[in-house]
Amino acid sequence: MALKTRIKKLLPNFFLAHLGIHDGIGKFSFDKNLDIKRDIQTKYGFNGDLLEIFTNNKNKVVHKWHHYIPIYDRYFSHFRMKKIRFLEIGVSKGGSLQLWRNYFGEDAIIYGIDIDPNCAQFNGIAGQVRIGSQDDPKFLESVIHEMGGVDVILDDGSHQMDHILKTFKFLFPKLNDGGIYMVEDLHTAYWRNFGGGYQSKFNFFSFVSELINDMHHWYHFGGVKHPAISSFCPAIHIHDSIAVFEKEAVHEPTHSKIS
Ligand SMILES: C[S@@+](CC[C@H](N)C(=O)[O-])C[C@H]1O[C@@H](n2cnc3c(N)ncnc32)[C@H](O)[C@@H]1O
C-alpha cells in the first residue's frame, strides 16, 4: 500500500488537513462520455456565449473547471467587445488565450505570460505571449508597460501561495480603475505542496481575510495592514477556488436618515 494511503487510513481528517495531505483533482474529472454543455447548463443555469465558446474549443487544449464558466462571465462580461486589456498568467497549451480571444472579441488587447519557453509558440496567434516568471516584478512591469495598462488580470499560473501573493501585491495597484483581478484554482491554498494548508497563515485566504479586516477598518482599532490594496478594493468575491477583487477608490462610508 502506498505511504499516502497508509497515512490516510491511520490519521483522522483533522490531522490530514493540517498536514496538507490531499487527493488532488483526479476524482473531480468529468466523465468523457457525458455532455459538458448540459452539465454546466443544468447545474449553474448558465447559457451565455462562453458556454458555446468553451465547449466548442478546438485544436488548442483549454482546461477549466465547469463552475468557472458562469463565474468568468459574471465578472468579465462587461469588458466584452471593447478595447480592453486582458492579462492571463499561465498560457500552457494556448487554449485559454484562444478562448479569451473568442470571448472578448477582436478589439481586446490580450497578453499571456508563462515561465515555460515552449509557450512562445503561441505568441501572436490569439494574443501576445511573453516568457518570464510571475514572481519577477521587472518582467511584470515590462509586460504591463508594453500592454499600455491592464483592465483584467487572471492568475492561472504556478498556483504557489508565495507567487500568487507576490504577483497580486505587485499587479493589483497597476490595474486600471474599474478593473478586475481574479485568482483561480485556489483549492491549492489548502495544499502544502503549493505552500498553503488548512488554517495556515500562508493560505491565500488568510491574506484575503486581512483585506476584509482592512475593508472594515472604520469599525475596529486594528488599523490597515495593506493600504496599497485595500484603499482601492471596495469588493472581494469568493467562490469555490476563485477570488475576485474589484479595483476602484474606496470612500469613507456615510449614512443619512431621510423622511
Ligand atoms: C494551469 S496552467 C495554465 C492553463 C491555461 N491558463 C488554461 O486555462 O488552459 C499553469 C501554467 O502556469 C505556468 N507557470 C508555472 N509557474 C509559473 C511562473 N512562476 N510564472 C509564470 N507562469 C508559470 C506553467 O508553465 C503552466 O503553463
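Report on the accompanying structure. (Residues numbered from 1 in each chain as written. Predicted model: local features only at pLDDT ≥ 70, side-chain atom pairs only at ≥ 80, totals over all residues.)

Observations regarding the overall build of the protein
When helices and strands are counted, the protein shows ten helices and seven strands. The C-alpha radius of gyration of the protein comes to 20 Å, within 12% of the 18 Å expected for a compact globule of 259 residues. Projected onto its principal axes, the C-alpha coordinates of the protein cover approximately 65 × 50 × 45 Å. The buried share among the 259 residues of the protein stands at 32%. Expressed as a percentage of contacts within the protein between residues at least 6 apart in sequence, the contacts between residues at least 24 apart total 59%. (Helix = DSSP H or I, 4+ residues; strand = E, 2+ residues; numbered from the N terminus. Rg over C-alpha atoms; globule rule 2.2 N^0.38 Å. Buried ≥ 20, exposed ≤ 12 C-beta atoms within 10 Å, placed from the backbone. Contact = placed C-beta atoms within 7 Å.)

Focus on the site of the ligand
Residues in contact with the ligand amount to 22 residues; listed here are only the nearest, Gly90, Ser92, Ser96, Gln134 and Ser158. Where the shell around the ligand is concerned, the elements lending two or more residues are β1 (85–89), α6 (95–104) and β2 (109–114). Classifying every residue of the shell around the ligand gives five nonpolar, ten polar and seven charged. (Near = placed C-beta within 6 Å. Nonpolar A, V, L, I, M, F, W, Y, C, P; charged D, E, K, R; others polar.)

Side note on the nonpolar core
Within soluble globular proteins, side chains that are nonpolar tend to cluster in buried spots. Phe86, Phe104, Ile110, Val152, Ile153, Val183 and Ile242 are the most contacted members of the largest nonpolar core, which has 54 residues in total. Once residues within four sequence positions are removed from consideration, valine 152 is found in contact with Phe76, Phe79, Ile84, Phe86, Gly179 and Ile180. (Core = buried A, V, L, I, M, F, W, Y, C linked by C-beta atoms within 7 Å.)

Quick notes on the environment of histidine 237
Looking at the element boundaries, histidine 237 is found in strand β6 (residues 235–239). For the pair formed by histidine 237 and histidine 78, sequence separation is 159 residues and the distance between their alpha carbons is 17 Å.

Points about the sheet that holds strand β4 (residues 150–155)
Backbone-to-backbone hydrogen bonds pair the strands of a sheet. The strands run either parallel or antiparallel. In spatial order, the strands read β3-β2-β1-β4-β5-β7-β6; together these seven strands make up an open sheet with mixed pairing. The open sheet has two free edges, formed respectively by β3 (128–131) and β6, since each of these has just one partner strand. Shown here is a sheet whose adjacent strand axes are inclined to one another by a mean of 15°, direction ignored. Where β1 lies against β4, four bridges are found, and the strand directions are parallel. Along β4, the bridge assignment pairs leucine 87 with isoleucine 153. Seen against the sheet, helix α8 (residues 161–171) touches β1, β4 and β5 (175–183) and runs at an angle of roughly 170° to β5. (Pairing = 2+ DSSP bridges. Axes fitted to C-alpha atoms, helices over the stretch in contact; angles between N-to-C directions.)

Comments concerning the environment of leucine 97
Residue placement: leucine 97 occurs in helix α6. Between the C-alpha atoms of leucine 97 and glycine 112, which are 15 residues apart in sequence, the distance is 7.1 Å. Discounting chain neighbours no more than four positions away, the residues touching leucine 97 are Glu88, Val91, Ile110, Gly112, Phe122, Ala126 and Gly127.

A short note on the pairing of β6
Inspection of the sheet shows β6 paired to strand β7 (residues 242–246) by five bridges, in the antiparallel sense. Bridging across to β7, histidine 237 finds its partner in valine 244. What sits between β6 and β7 in their antiparallel hairpin is a turn of two residues, with serine 241 showing a positive phi close to 70°.

With respect to the pairing of β2
Judged by how many residues are buried, β2 sits mostly within the fold: five of six residues are covered. Examined bridge by bridge, β1 and β2 share five bridges and lie parallel to one another. Counterpart to leucine 87 in the pairing with β2 is tyrosine 111. Where the polypeptide runs from β1 across α6 and back to β2, its parallel neighbour, the crossover connection is right-handed. Strand direction decides the pairing type here: β2 and β3, joined by four bridges, are parallel. Its bridge partner being in β3, glycine 112 is matched across the sheet by valine 129. (Right-handed = clockwise from strand over helix to strand, strands pointing away.)

Section: α6
Two residues of an α-helix separated by three or four positions point the same way, owing to the 3.6 residues in each turn. Most of α6 sits out of view: eight of its ten residues are buried. Against α4 (49–55), β1 and β2 lie the buried residues of α6. The positive-phi residue at the C-terminal boundary of α6 is glycine 105, with phi of around 100°.

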